[in-house]
Amino acid sequence: MILYLLGIIAGFGILVWSADKFVDGAASTAKHLGMPTLLIGILIVGFGTSAPEMVVSAIAAMEGNPGLALGNAIGSNIVNIALILGVTAVISPIVVNSNIVKKEIPLLLLIVFIIGYLLLDNFLSFIEGIILLGGFFALVVWSIISAMRNKGDALESDMEDELIEHPMSLKAGIIWLIIGLILLIASSRLLVWGAVGVATEFGISDLIIGLTIVALGTSLPELAASIIAARKGEHDIAIGNVVGSNMFNILAVIGIATVIAPMNNIPFEVLQRDWVVMLVLTIALLVMSYAFKAKNGVITRVEGTILIICYVAYNTYLGMTLTGNL
């Protein structure tokens, strides 16, 4: 048991560090190769912060733990909105200026409805995994087109400031990109080993482990990036990280895991409980991010506190189901 716990702790630590270096290296390399700054903010950062979920879920699926893969993706989306945006907004209210981010949030809501529809039969097939990956590639193409049409967007200036603040040569960028990726894969494998071991020892389903411990751990890069961005006043990077990551989690993370190992007999609780929570939080994000009732598209400290309370309540509920109090 101690070895499993040490594996989880070490896996988390290396995962967070390697994901950060992977994103820095990828962003710097892309910049040197001439990729537009806005596209780096949308694709590279969004993809990079979702890399832990992708690698962990792929390894979990390959090792016969699809529940952990699915729980990791859905749980990470819940963590991203309820905990990460909640904590970030409490530290510094998030002003949503980017037109691209405002277009992405309704798209995220549509993607949430799509995965809900696919989960209706408690089964995710190989074909459905291909459909999700097709949606992911369509999202990438849409992001490229949006970046080309929205030069001067608030997200672009935020990302430009970030790249100027952390300059890196092309050689250094490639080196950190490779090192980050290698350590990302190694730490993810260690994390999955530890999480499955703990789940087996305590008789907990890999789905619950994925929804809680693993989801929180793989979302730490988003937490760090969003808090740092918000404190610098780069609010559109903070919320863009979360929105982009959540879309990638559903389309790419679940898609990759399903193609590797189609998911049979998915517990009905996933749709009835976890998907519903993800849906409600996504709708709340949509409402908070737009200027309804004269509100200027700001996620306030009060709303951030409410989001954190929702996260605590959800995890408390999961804990009570495990102890048999529900």
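Quick summary incoming for the structure in this document. On a predicted model such as this, the values are computed, not experimentally measured, just so you know.

What tends to happen in soluble globular proteins is that the nonpolar side chains get buried as a cluster. Membership of the largest hydrophobic core comes to 82 residues, with the highest contact counts inside it found for Ile115, Leu124 and Ile239. Ranked by residues supplied to this core, first place goes to helix H3 (residues 66-91) with 13 residues.

Our focus in this paragraph is the environment of alanine 89. Within the fold, alanine 89 resides in helix H3. With relative accessibility at 0%, the residue alanine 89 sits in the buried group. For the pair formed by alanine 89 and isoleucine 299, sequence separation is 210 residues and the distance between their alpha carbons is 6.2 Å.

Here we come to the packing of aromatic side chains. One pass over the full model with this rule turns up five aromatic pairs. For the ring pair phenylalanine 136 and phenylalanine 248, a centre distance of 5.2 Å and an interplane angle of 80 degrees mean the geometry is edge-to-face. Taken together, the positions of phenylalanine 136 in helix H5 (residues 126-149) and phenylalanine 248 in helix H10 (residues 235-260) put the pair 112 residues apart, joining distant regions of the chain. In this pair, the class of phenylalanine 136 matches that of phenylalanine 248, namely buried. Among the aromatic side chains, those forming a connected cluster through ring pairs are Phe136, Phe137 and Phe248. We note lysine 21 situated over the ring of tryptophan 176; from NZ or CZ to the ring centre the distance is 5.0 Å.

The rules behind these values
- Residues numbered from 1 in each chain as written.
- Predicted model: local features only at pLDDT ≥ 70, side-chain atom pairs only at ≥ 80, totals over all residues.
- Heavy atoms only, no water.
- Core = buried A, V, L, I, M, F, W, Y, C linked by side-chain atoms within 4.5 Å.
- Buried < 20%, exposed > 50% of the residue type's maximum accessible area, 1.4 Å probe, protein only.
- Helix = DSSP H or I, 4+ residues; strand = E, 2+ residues; numbered from the N terminus.
- Phe/Tyr/Trp six-rings, centres within 6.5 Å; stacked < 30°, edge-to-face > 60°.
- Lys NZ or Arg CZ within 6 Å of the ring centre and 35° of its normal.

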